[in-house]
Protein chains: 2
Amino acid sequence: MELFENVERTELSELGEFGLINLLTKNIELTNKSTIKGVGDDAAVLDVDSKKILISTDILTEGVHFDLAYTPLKHLGYKSVVVNLSDIAAMNGKPEQITVSLAVSNRFSVEALEELYEGIFMACKRYGVDLIGGDTTTSKSGLFISVTVVGKAAEEKITYRNGAKKGDLICVSGDLGAAYIGLMILEREKRVFEVNSEIQPDLDGFDYVLERHLKPEPRLDIVEKLNNLAIVPNSMIDISDGLASEIMHICNQSKVGCRLFEDKIPIDIQTEDTAKKFGLVPVTIALNGGEDYELLFTVPQEDFEKIKNIEEISIIGYITDAAEGMSLITKDEKVFELKAQGWDAWLKQEQRS
Amino acid sequence: MELFENVERTELSELGEFGLINLLTKNIELTNKSTIKGVGDDAAVLDVDSKKILISTDILTEGVHFDLAYTPLKHLGYKSVVVNLSDIAAMNGKPEQITVSLAVSNRFSVEALEELYEGIFMACKRYGVDLIGGDTTTSKSGLFISVTVVGKAAEEKITYRNGAKKGDLICVSGDLGAAYIGLMILEREKRVFEVNSEIQPDLDGFDYVLERHLKPEPRLDIVEKLNNLAIVPNSMIDISDGLASEIMHICNQSKVGCRLFEDKIPIDIQTEDTAKKFGLVPVTIALNGGEDYELLFTVPQEDFEKIKNIEEISIIGYITDAAEGMSLITKDEKVFELKAQGWDAWLKQEQRS
């Protein structure tokens, strides 16, 4: 964890809107052949030959999606791009362009926004995405970041939420719950700091879960691996609200049911240990903690031989008839019905308990 | 002017995020062949054959772009779409899809957001645009609306800001300054109301300027007429920040100068009369008042015979060498250098004077 200092401070009013836009966009380099025109006109122009275009958008609001008390602006910029790229990964596509719109209050300096954009550009560079437009304006209070991403995919490879079939294997990438545990650590240290600002945050030993919260990555590597093995999932979604919520989206839209197995759900050891220290059941965090940005997908059983060779993929259950409902089989073989909770409901429950 | 009443009130918390999204999107009908998949997955999917795709985005923030004291939510929804469609018109394209992202504080009811969406859908229906996605989240305070629009255009018809040539005729659609005068009327009535809430707003006789502010229209009709006459402007931009600011964008990006003639700048009689009542010079309002959403474009002189037959197009000047600068010739033949002001600077100046 690095802390950063701003020694300079230029007021936004000194630059004006056009000056700010020029400043923030002057280093843009376009890398994709499909990007004909980026920032600098009324609209961006894309060339897309015969493939399909994917569009997705997310808005991040201060005090709801992020807390600037412990979120470095560079990380925030990076994350605001990643959450959008993850949506394109979930369609089995390739992200190529983004637009970024900001509404910022005048408590932010130009340097602060440059820091934010540094993170945005880092994510763009890492994932080969062009920033092609946006809008920057003032807000009466708080910071709002709205990103729209444009991606491409061949029609026959697009993976919707509604394609899961009875018998499909349910797969998940990486591990789950870490981002939520990272958030809990940061919230805890914030409360300590609010009581006594002399105490430095105690973040040692939490590197993995903190990084999972502050700097998530879109699983475009998984998309590439599936592609290399000629696997096209029957359905796919990214895990932004928690495994339980996402598998229910797939089941509801596909009109199927599912069985998940607790002992197959991948949880990192640091996540598990920390959850236990907080008196929480790790699998509950994996099911309901949000912002993992892993991929949840289903493949026909015939793909088992291919899928088992991909690192970082866990097979956690299978798709059933809708009549069998959506259930979790615990380690001691009890059957629990999965319930929709989502991120907000979960946080409320945590606060109550 | 209609006032609207909300007799019902459902709290956002009663519905939850998914319930709200379902409610707001359940009546979406997709009309464009290019829209393969709209709302309901991680990303929208578009089919675009051989044309170019245009993307633009705008964010509207409460207290900055709109004041809910006098902006009906339906109008706000309509306008938030229109300002984006206007950007596609300015590229000489056809808008086909939009995404809408909202961040709203809990002081808004479900009915209020339905009202907002009613306006959004009205604009979509009127202009044949599909709403294909978005994100809805909470804000700590205020309402933020971020719209991204996707449009299409044949490559050879796209009009950039940087294509103006020496000798080009400078054309503008409709009339200018009315939206700013409408805003002034609304601000005046708000101040009266704040002093004495018994006094009903006096809006009689201001229908045109009020409608220009509250319910602007994108000039897609002009795009169609140009197309029918086989006119492709050398450059084009929409007038969101005022004529002066926009012609400077064209001149700077095209590396040319311009001469505008005061007596050619189209100003509606209601705009002119009201400006004078406020002690303002009408042409100053036309040059610096924002949000007209008319089109400003340049065409080669050879197109004069064709362009003069289009209703609602005024030829207001011509393009010169960059060395001649950017100037306005007044009615008494004085030469003034055009200065960048833009919307914000202008408002500040108004407040000072």
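Structural data are supplied above this passage.
Keep in mind that what you see is a predicted model, and the values were worked out from it rather than measured.

The rules we used
Residues numbered from 1 in each chain as written. Chains lettered and ligands numbered in written order. Predicted model: local features only at pLDDT ≥ 70, side-chain atom pairs only at ≥ 80, totals over all residues. Heavy atoms only, no water. Helix = DSSP H or I, 4+ residues; strand = E, 2+ residues; numbered from the N terminus. Buried < 20%, exposed > 50% of the residue type's maximum accessible area, 1.4 Å probe, protein only. Contact = heavy atoms within 4.5 Å. Areas by Shrake-Rupley, 256 points an atom, 1.4 Å probe, with all protein chains shown as cover. Expected span 1.5 Å × (residues − 1). Pairing = 2+ DSSP bridges. Axes fitted to C-alpha atoms, helices over the stretch in contact; angles between N-to-C directions. Patch = residues over 30% accessible without salt bridge, like charges linked within 9 Å, V, L, I, M, F, W, Y side chains within 5 Å. Salt bridge = Lys/Arg side-chain N within 4 Å of Asp/Glu carboxyl O. Lys, Arg positive; Asp, Glu negative; His and termini not counted. Charge placed at Lys NZ, Arg CZ, Asp CG, Glu CD. Least-squares fit on C-alpha atoms with pLDDT ≥ 70 in both. Polar contact = N/O pair within 3.5 Å; in protein donor to acceptor, adjacent residues only side chain to side chain. Buried area = accessible area lost by both parts, 1.4 Å probe. Nonpolar A, V, L, I, M, F, W, Y, C, P; charged D, E, K, R; others polar. Parallel < 35°, antiparallel > 145°, perpendicular 65-115°, else oblique. Disulfide = S-S within 2.5 Å. Phe/Tyr/Trp six-rings, centres within 6.5 Å; stacked < 30°, edge-to-face > 60°. Lys NZ or Arg CZ within 6 Å of the ring centre and 35° of its normal.

Visitor: Explanation requested: the overall build of chain A in the structure shown.
Guide: From N to C terminus, chain A includes eleven helices and 13 strands. Evaluated residue by residue, chain A yields a buried proportion of 58% over its 353 residues. Contacts spanning at least 24 positions in sequence make up 85% of the contacts within chain A whose residues lie at least 6 apart. On chain A, roughly 15,300 Å² of surface is accessible, and the fraction owed to carbon and sulfur atoms is 48%.

Visitor: Help me understand helix α5 (residues 207-214) of chain A, please; the structure alone is not making it clear to me.
Guide: An α-helical turn contains 3.6 residues, so a residue and the one three or four places further along point in the same direction. Along α5 of chain A, the positions that sit buried rather than exposed are Val209, Leu210, Arg212, His213 and Leu214 of chain A. Here the buried face of α5 of chain A lies against α2 (73-89), α4 (178-195) and α8 (269-277) of chain A.

Visitor: Got a minute to help me understand helix α2 (residues 73-89) of chain B in this structure?
Guide: Its 17 residues place the ends of α2 of chain B 24 Å apart at the C-alpha level, agreeing with the 24 Å of an ideal helix rising 1.5 Å per residue. Of all 17 residues that make up α2 of chain B, 15 are buried, and the element is covered over most of its length.

Visitor: How should I be thinking about the sheet that holds strand β10 (residues 295-299) of chain B in this particular structure?
Guide: Working definition: the strands of a sheet are paired by backbone hydrogen bonds and lie parallel or antiparallel to each other. Residues and elements named next belong to chain B. Pairing is mixed in the open sheet, where seven strands are placed in the order β8-β10-β7-β11-β9-β12-β13. One side of each edge strand has no neighbouring strand; the edge strands of this open sheet are β8 (235-238) and β13 (335-337). Strand-to-strand twist of the sheet, defined as the mean angle between neighbouring strand axes without regard to direction, takes the value 25°. By the bridge criterion, three bridges tie strand β12 (residues 326-329) to β13 in an arrangement that is antiparallel. Of the residues in β13, the one forming a bridge with Ser327 is Glu337. Packing against the sheet, α2 makes contact with β8 and β10, and its axis sits at approximately 175° to β8. Packed on one face of the sheet, helix α6 (residues 220-228) meets β7 (169-173), β10 and β11 (313-321) and runs near 20° to β10.

Visitor: What exactly am I supposed to notice about a negative patch on the surface here?
Guide: Residues and elements named next belong to chain A. Negative charge collects at one region of the surface, where Asp202, Asp204, Asp207 and Glu211 lie side by side. Examined against the element boundaries, Asp202 turns out to sit in the loop between α4 and α5. The exposure class assigned to Asp202 is partly exposed, which follows from its relative accessible area of 42%.

Visitor: Teacher, can you tell me more about the relation of the copies chain A and chain B here?
Guide: To go from the first copy of the chain to the second, apply a rotation about an axis and then a shift along the same axis. Taken as rigid bodies, chain A and chain B are interconverted by a rotation of 180° and an axial shift of 0.0 Å, the fit giving an RMSD of 0.0 Å. The transformation just described matches what one would write down for a two-fold rotation axis. Same-surface contact between copies: 100% of interface residues of chain A are shared with the interface of chain B.

Visitor: Explain the side chain of Ser139 of chain B here, please?
Guide: Relative to the helices and strands, Ser139 of chain B resides in the loop between β5 (130-138) and β6 (143-153). Separated by 3.3 Å, the side chain of Ser139 of chain B and the backbone nitrogen of Ser105 of chain B make a polar contact. For Ser139 of chain B, the side chain forms a polar contact with the main-chain oxygen of Gly142 of chain B, separated by 2.7 Å. Among all residues touching Ser139 of chain B, those that are not within four sequence positions of it are Thr61, Val64 and Phe144 of chain A together with Ala103, Val104 and Ser105 of chain B.

Visitor: Where do I start with the side chain of Asp175 of chain B in this structure?
Guide: Residues and elements named next belong to chain B. With respect to the helices and strands, Asp175 occurs in the loop between β7 and α4 (178-195). Put simply, Asp175 is tucked away with no salt bridge, and the nearest opposite charge, on Arg212, sits 4.1 Å away. Here Tyr208 takes part through its side chain, which lies 2.6 Å from a polar atom of the side chain of Asp175. Apart from residues lying up to four places away in sequence, Asp175 is in contact with Tyr208, Arg212, Pro266, Ile267, Asp268, Asp292 and Glu294.

Visitor: In this structure, what is going on with the interface of chain A and chain B? I would like to understand it.
Guide: Interfaces are often described in size by the accessible area the parts lose on coming together. On the chain B side, the residues contacting the 61 residues of chain A number 61 residues. Of the roughly 4,400 Å² buried where chain A meets chain B, counting both sides, 55% is carbon and sulfur surface. Here chain A is connected to chain B by zero salt bridges. Applying the counting criterion to the chain A and chain B interface returns eleven residue pairs in polar contact (both at pLDDT 80 or more). Residue contributions to the side of chain A that touches chain B peak at nine residues, all from strand β3 (residues 52-61) of chain A. Of the residues belonging to the side of chain A that touches chain B, the class tally is 24 nonpolar, 20 polar and 17 charged.

Visitor: Quick question: what am I supposed to make of the packing of α4 of chain A against α5 of chain A here?
Guide: In a pair of packed helices, the angle between the axes and the distance between the axes together describe the arrangement. All names here are of chain A. Running from N to C, α4 and α5 cross one another at 100°; their axes reach a closest spacing of 7 Å. As the angle between them shows, α4 and α5 are arranged roughly perpendicular. Across the interface between the two elements, Ala178, Ala179, Ile181, Gly182, Leu183, Ile185 and Leu186 from α4 touch Tyr208, Val209, Leu210, Arg212, His213 and Leu214 from α5. Residue composition of the contact of α4 with α5, by class: ten nonpolar, two polar and one charged.

Visitor: Explanation requested: the pattern of salt bridges in the structure shown.
Guide: Close approach of charged atoms allows side chains of opposite charge to pair. Taken as a whole, this structure holds 39 salt bridges over all chains when the rule is applied. Across the salt bridge formed by Glu194 of chain B and Lys190 of chain B, the nearest N and O atoms sit 3.9 Å from each other. Taken together, the positions of Glu194 of chain B and Lys190 of chain B, both in helix α4 and four residues apart, correspond to about one turn of that helix. For Glu194 of chain B, a relative accessible area of 56% translates into the label exposed. Owing to a relative accessible area of 24%, Lys190 of chain B belongs among the partly exposed residues under this scheme. Residues participating in the shared-partner salt-bridge network are Arg212, Arg219, Asp221, Glu294 and Glu312 of chain A.

Visitor: Got a minute to help me understand the sheet that holds strand β7 (residues 169-173) of chain A in this structure?
Guide: All names here are of chain A. Within the open sheet, the seven strands sit side by side as β8-β10-β7-β11-β9-β12-β13. Their pairing is mixed. Looking at which strands have only one partner, the edges of the open sheet turn out to be β8 (235-238) and β13 (335-337). Geometrically, the sheet is characterised by an average inter-axis angle of 25° between neighbouring strands, direction not taken into account. Here helix α6 (residues 220-228) sits on the sheet and contacts β7, β10 (295-299) and β11 (313-321); the angle it forms with β10, its principal contact strand, is near 20°.

Visitor: Would you explain the state of the cysteines in this entry?
Guide: Linking two cysteines covalently via their sulfur atoms produces the bond known as a disulfide. Within the structure shown, the criterion is met by zero disulfides over all chains. Distance from the sulfur of Cys258 of chain A, which forms no disulfide, to the nearest cysteine sulfur (Cys251 of chain A) is 3.8 Å.

Visitor: Sorry, what's going on with the packing of aromatic side chains here?
Guide: How two aromatic rings sit relative to each other is given by the distance of their centres and the angle of their planes. Residue and element names in this part refer to chain A. In total, this model carries five aromatic pairs over all chains according to the counting rule given. An angle of 35° between the planes, with centres 6.1 Å apart, marks the rings of Phe261 and Tyr318 as tilted. One end of the pair, Phe261, is in strand β9 (residues 256-261); the other, Tyr318, is in strand β11, with 57 residues separating them in the sequence. Under the relative-accessibility criterion, Phe261 is labelled partly exposed at 24%. In this arrangement the basic side chain of Lys215 is found over the ring face of Tyr78, its NZ or CZ atom lying 4.5 Å from the centre.

Visitor: Hey, could you run me through unusual backbone geometry in this one?
Guide: In most cases, non-glycine residues show a negative phi, while peptide bonds are predominantly trans. One non-glycine residue, Glu291 of chain A, lies in the positive phi region at around 65°. Mapping Glu291 of chain A onto the fold places it in the loop between α9 (282-288) and β10. Under the relative-accessibility criterion, Glu291 of chain A is labelled buried at 9%. A positive phi angle, close to 60°, is found at Ala230 of chain B, a residue other than glycine. Take Ala230 of chain B: it is sitting in the loop between α6 and β8.

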